[in-house]
Amino acid sequence: MGVPSIDEPETVTVETSRVSCDGGGGALGHPKVYLQIGPSRRVDCPYCDKRFVLKDGVPLGGHH
């Protein structure tokens, strides 16, 4: 209970609709990419599958 499945992406709640991901940097990271959250209110990194979810109450395309 409460243990994430290995198939589940890491999920990060964010307060802006534009985010960046570098896979954590260092030797295990990947090139930094900038991602735009769309109408689904989430976006997945194409390199590491980390999922960024826009926090409830934050307007799409805006800042909190």
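Every chain is numbered independently, its residues counted from 1 as its sequence is written. Local features in a predicted model are, by the rule used here, given only for residues with pLDDT of at least 70; side-chain atom pairs are given and counted only at 80 or more, and totals for whole chains, interfaces and linings are based on all residues. Note that the side-chain values use all heavy atoms of the structure and ignore hydrogens as well as water.

Brief notes about the side chain of His30
Runs of E in the DSSP output that reach at least two residues are strands. Runs of H or I that reach at least four are helices, and both are numbered from the N terminus. Turning to its location among the elements, His30 is positioned in the loop between β2 (18-21) and β3 (33-36). Three labels apply to residues, based on accessible area from a 1.4 Å probe with only protein chains included: buried if under 20% of the type maximum, exposed if over 50%, partly exposed otherwise in between. Of the residues examined, His30 reaches a relative accessible area of 16% and is grouped as buried. N or O atoms closer than or at 3.5 Å make up a polar contact, with two conditions inside protein: a donor-capable atom paired with an acceptor-capable one, and, for residues adjacent in sequence, both atoms drawn from side chains. Separated by 3.1 Å, the side chain of His30 and the backbone nitrogen of Gly23 make a polar contact.

Focus on the nonpolar core
We define the nonpolar core as a collection of buried residues of types Ala, Val, Leu, Ile, Met, Phe, Trp, Tyr and Cys that are connected through side-chain atoms lying within 4.5 Å of one another. Listed in full, the eleven residues of the largest apolar core are Val14, Val19, Cys21, Val33, Leu35, Ile37, Val43, Cys45, Phe52, Leu54 and Val58. Elements supplying a minimum of two residues to this core: β2, β3 and β5 (51-54).

Details of the sheet that holds β5
Two strands are said to pair when DSSP picks up at least two bridges between them. Strand order in this open sheet of three strands is β1-β5-β4, and the pairing throughout is mixed. Two strands bound the open sheet, and with one partner strand each, they are β1 (11-14) and β4 (42-44). Looking at each pair of strands side by side, their axes are set apart by 20 degrees on average, direction ignored. In this structure, β4 lies alongside β5, joined through three bridges in antiparallel fashion. Along β5, the bridge assignment pairs Arg42 with Val53. Where helices are involved, their axes are fitted lines through C-alpha atoms of the stretch in contact, as for all axes, and angles between N-to-C directions lie from 0 to 180°.

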